[in-house]
Every structure is written in C-alpha cells, then in structure tokens.
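# Geometric and topological summary
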Amino acid sequence: MGTLLYIIFFHVLGAIIWVGGMIAIRFAVHPALQNIKDDEVRLARTLEITGRLFALVAPFIVILIASGLYLASVFGFRGHTDLSMIVHVKEAIWLVMALNYGAMVWLRFKAQSYFIGGNFMMAKKYLAPIAKYMLPLNIFLGVLALYFGLVLRGF
Ligand code: HEM
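This section reports on the structure supplied with the text. (Residues numbered from 1 in each chain as written. Predicted model: local features only at pLDDT ≥ 70, side-chain atom pairs only at ≥ 80, totals over all residues. Heavy atoms only, no water.)

### Some remarks on the site of the ligand
In the neighbourhood of the ligand, 23 residues make up the surrounding shell, with His11, Lys90, Glu91, Gly149 and Arg153 lying closest. Contacts to the ligand include His11, whose side-chain N or O atom sits 2.9 Å from a nitrogen atom. Among the elements that take part in the shell around the ligand, helix α4 (residues 120-153) stands out by supplying seven residues, more than any other. Grouping the amino acids of the shell around the ligand by side-chain chemistry returns 16 nonpolar, four polar and three charged. (Near = heavy atom within 4 Å. Polar contact = N/O pair within 3.5 Å; in protein donor to acceptor, adjacent residues only side chain to side chain. Helix = DSSP H or I, 4+ residues; strand = E, 2+ residues; numbered from the N terminus. Nonpolar A, V, L, I, M, F, W, Y, C, P; charged D, E, K, R; others polar.)

### Looking at helix α1 (residues 2-33)
For α1, which comprises 32 residues, the first-to-last C-alpha distance of 44 Å matches the rise-based estimate of 46 Å (1.5 Å per residue) to within 8%. Of all the bends in α1, the greatest, near 30°, is centred on Ile25. Packed against the buried residues of α1 are α2 (39-74), α3 (82-116) and α4. (Expected span 1.5 Å × (residues − 1). Bend = angle between axes of the 7 residues up to and from the residue. Contact = heavy atoms within 4.5 Å.)

### Some thoughts on the packing of α1 against α4
For the pair α1 and α4, interaxial distance at closest approach is 9 Å and the crossing angle is 140°. With respect to α4, the axis of α1 lies oblique. The handedness of the crossing between α1 and α4 is left-handed. Facing α1, whose interface residues are Trp18, Val19, Met22, Ile23, Arg26, Phe27 and His30, α4 presents Ala131, Leu135, Pro136, Asn138, Ile139, Gly142 and Val143. (Axes fitted to C-alpha atoms, helices over the stretch in contact; angles between N-to-C directions. Parallel < 35°, antiparallel > 145°, perpendicular 65-115°, else oblique. Left-handed = near helix turned anticlockwise from the far one by under 90°.)

### Describing the nonpolar core
Grouped together as the largest cluster of nonpolar side chains are 28 residues, with contacts concentrated most on Trp18 and Ile130. Put simply, the parts of the chain that give this core at least two residues each are α1, α2, α3 and α4. With nine residues, the single largest contributor to this core is α4. Core analysis: the next-biggest nonpolar cluster, separate from the first, contains five residues, Ala72, Phe77, Ile86 and Leu152 among them. (Core = buried A, V, L, I, M, F, W, Y, C linked by side-chain atoms within 4.5 Å. Buried < 20%, exposed > 50% of the residue type's maximum accessible area, 1.4 Å probe, protein only.)

### Things to note about the environment of Met134
Mapped onto the elements of the fold, Met134 is located in helix α4. Since its relative accessible area comes to 12%, Met134 is described here as buried. As a C-alpha pair, Met134 and Phe27 span 107 residues in sequence and 13 Å in three-dimensional space. Apart from the residues within four sequence positions on either side, Met134 is in contact with Asn100, Ala103, Met104, Leu107 and Pro129.

### Remarks on α2
Helix length check: α2, at 36 residues, gives a terminal C-alpha distance of 51 Å against a target of 52 Å (1.5 Å per residue), a fit within 8%. Along its length, α2 shows its largest kink, about 30°, at Ala58, and proline Pro59 lies within four residues downstream of that point. Put simply, Asp38 is the residue that caps the front of α2, since its side-chain oxygen is 3.0 Å from the backbone nitrogen of Glu40. At the exit of α2 stands Gly76, carrying a positive phi of roughly 70°.

Rendered as structure tokens:
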C-alpha cells in the first residue's frame, strides 16, 4: 500500500500541474498579457511565461506516463477487458498531448529566435497557434484523461 500511495499521489500531482498549469496560463495569464500594448514587452513576457510553464511541466509529463503504466500493471488492466481498453485510450491521449507539447516547445523556440533577431512579426506568428489551438487542445485532452482516470478508479 505504501508505494502505491506515492505512485497515485505523483500521478494525480502530475495531472494537477500539467492540466491546471495550462488552464491558468491560457485563461488567466494570456488574456491579461493582451493588455500590454508594447509589442516588445508583451512578446518578451509571453516568451518568459511559456518558457517557465513548459519547463515546469516537463518532468511531470514523464512522471504521468511512468506512474500510469505502473498503476495499469499493478491493477492488472491487461488483455482486452473494458478497463484495459481505457488504459490504451489514456496512453493514446498522453501521446497526442506529449507530441502537441513538443510542437509547442518548438514553436516557442522559433519565436524566441525571431524575437532576439528583432523580427516581432514572425515571433508573433509562431506564438499565435499555441494560445489559439494547441493549449486548448491539450487542456481538453487532459480533462478527458482525468475523467478516464476516475473511470479506472472504479466510479
Ligand atoms: C495524460 C495525462 C493523464 C492524466 C491527466 C491522468 C489523470 C488521472 C487521474 C486524475 C486519475 C485518478 C486517480 C485516482 O483517483 O485514483 C488517474 C488514474 C489512473 N490513470 Fe491516469 N492520467 C493520465 C495519463 C495516464 C496514462 C498515460 C496511463 C496509463 C498508461 C494512466 C493510467 C491510470 C490508471 C491505471 C489509473 C487508476 C489508478 C487508480 O485506480 O487509482 N494515466 N489518472
């Protein structure tokens, strides 16, 4: 029981930080950033905030898949039972979220290079899809993974 408690603790902590972090940045920080009218200041702060968010969640992405696989094996969600299918759905959700995260890190890196080179137009162009599509997609998928986690719990 002891080890399992810590594994579930870190699985849920990872979910809180990854999904909650994205929600806070997208719905509380992003709208407030838009009130900064100076392009250079707004872009600099956007790059800093996304950089800090992505660094913060990186270890928890790894913790989520590792703890999830461990839990699935401990609870015996194997073969082709209903619950094992839900584990596979969660694995697929995690994979899409991790790839989407990687794409966001890449876009942010490109935007940072343009920003340093003084090309604010291109920096903006590379940052735009992160707030518009990519964070909302990962928030939606994250909430879905959370829901399926509770189904696996037996509710
Ligand atoms: C993508 C992000 C993920 C999120 C946000 C997430 C979230 C959650 C949450 C909130 C729970 C409920 C914990 C509880 O009440 O006990 C849970 C349980 C669970 N998750 Fe995940 N999860 C994710 C990924 C995964 C992955 C990739 C796997 C498997 C490879 C997985 C396997 C499990 C299992 C087996 C449980 C059941 C634990 C139990 O019965 O207590 N999860 N997850």
